[in-house]
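Residue-level structural notes
Below are the chains, spelled out letter by letter.
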Amino acid sequence: MNLERVDFLCNICGRRNFGVPREQAENREYQSCAHCRSSLRMRSLMYLLSTELFGSPRALGAFPRDKSIRGLGMSDWEGYAHHLSQALDYTNTFYHQEPRLDIAAIPESAVGQYDFLISSDVFEHIPPAVLERAFENSCRLLKPGGALVFTVPFAKGEETREHFPGLHDFRIVEEGGNRVLLNTTRDGRQERFEDLVFHGGDGMTLEMRMFAEGDLLRRLRAAGFSRAAVRADSAPHFGINWPIDHSLPIVARA
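Predicted model only: the values in this text are computed from it and were never measured. Along every chain, residues carry numbers that run from 1 in the direction the sequence is written. At least 70 in pLDDT is required for a residue's local features to be given in this predicted model, at least 80 for side-chain atom pairs to be given and counted, and no such filter applies to totals for whole chains, interfaces and linings, which use all residues. Only heavy atoms go into the side-chain values, all of them from the structure, while hydrogens and water stay out.

A few points about the pattern of salt bridges
- Between Lys or Arg on one side and Asp or Glu on the other, a salt bridge is scored when a side-chain nitrogen of the former is within 4 Å of a carboxyl oxygen of the latter. One pass over the full model with this rule turns up 20 salt bridges.
- For E175, the salt bridge identified is with R192, shortest N-O distance 2.7 Å. With E175 in strand β9 (residues 169-175) and R192 in strand β11 (residues 190-193), the pair connects residues that are 17 residues apart, well separated along the chain.
- Here the term buried applies to any residue with accessible area under 20% of the maximum for its type, exposed to any over 50%, and partly exposed to those in between, with areas from a 1.4 Å probe on protein chains only. Since its relative accessible area comes to 44%, R192 is described here as partly exposed.
- When the shortest N-O distance is used, the salt bridge between D215 and R219 registers 2.8 Å. Linking D215 with R219, this pair stays in helix α5 (residues 213-222), spanning four residues, or about one helical turn.
- Its relative accessible area of 12% is what places D215 among the buried residues.
- One salt-bridge network, held together by shared partners, links R28, E29, R41 and D121. Numbering of helices and strands starts at the N terminus; helices are DSSP runs of H or I of at least 4 residues and strands are runs of E of at least 2.

Structure follows, in structure tokens:
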């Protein structure tokens, strides 16, 4: 048996992968499925969603067709979003285009309407002034007992590190091929930040902070979730095994 390579059934596209280098299969972001290009993070999200909705892990293709189950995604990966929309009453939303959802300013008509919410690597991009409201609205969207399946990059520890703690009236400009953040604080001070980190894609993808695990769980509980837990579930047959102890998926229940 070659311990440096793994075989797995992708729980998103339902196809088998053989001889995948372990360091690729167990990398949070590496697109290790040769067929749909799913990563460990994406496979873990669908694994956790299936256990929360149906009580057992199952491949996405084995989800029941049940339009009574309502869910929202926040800029979800199309690789699983399409399948979810076929099986469930699920809508993938975006901040910068339709169907649009601003998690910091949700419509009252949406409160308490959903069985699940998926937010994967979104909250590190939310400005600090509305971050608390975004956590609260995530809980408010859900029915009692509804599930938030959630990821952000986070470090071990208790204190989140805000990159721009005084962010208030800001814009991002391009200077000499580089992007620069210009900010005016609430008390009128001018700030300039270079060496910005963007995570790719459209919309607001500037990294605003590095969460800490302890602070993240406290924020979820303060937002109204009855429980929140880091989940490092292992399912090697689905290509899911976490060799790290940070930036893991989290499941919270309203």
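Let's talk about the sheet that holds β11
- Two strands pair under a simple rule: DSSP has to find at least two bridges between them. If you trace the three strands from one edge of the open sheet to the other, you get β9-β10-β11, paired in antiparallel fashion. Taken across any chain shown, the strands that pair with only one partner, and hence form the sheet edges, are β9 and β11. Across this sheet, the average inter-strand angle for adjacent strands is 25°, counted without regard to direction.
- In the sheet, strand β10 (residues 178-184) pairs with β11 via four bridges, with the strands oriented antiparallel. Working convention: axes come from line fits to C-alpha atoms, limited for helices to the stretch in contact. Angles between N-to-C directions cover 0 to 180 degrees.

Overview of the sheet that holds strand β14 (residues 250-253)
- With respect to topology, six strands assemble into an open sheet ordered β4-β3-β5-β6-β14-β13, the strand pairing being mixed. Where the open sheet ends on each side, the last strands, each with one partner, are β4 (88-93) and β13 (227-230). Ignoring strand direction, the axes of neighbouring strands in this sheet form an average angle of 15°.
- Pairs of residues are marked as contacts when any of their non-hydrogen atoms sit within 4.5 Å. Its contacts with the sheet put helix α4 (residues 131-141) on β3 (66-74), β5 (114-120) and β6 (142-151), and the angle it makes with β6 is roughly 130°.

Quick look at the packing of aromatic side chains
- Here the aromatic set is Phe, Tyr and Trp, taking the six-membered ring for Trp, and pairing holds for ring centres within 6.5 Å; pairs whose planes are under 30 degrees apart are stacked, those over 60 apart are edge-to-face, and all others are tilted. This structure, assessed with the given rule, holds eight aromatic pairs.
- Between F54 and F63, the aromatic rings sit 5.1 Å apart at their centres with planes inclined by 75°, giving edge-to-face as the arrangement.
- With relative accessibility at 7%, the residue F63 sits in the buried group.
- Taking 4.8 Å as the distance between ring centres and 75° as the angle between the ring planes, the aromatic pair formed by F164 and F193 counts as edge-to-face.

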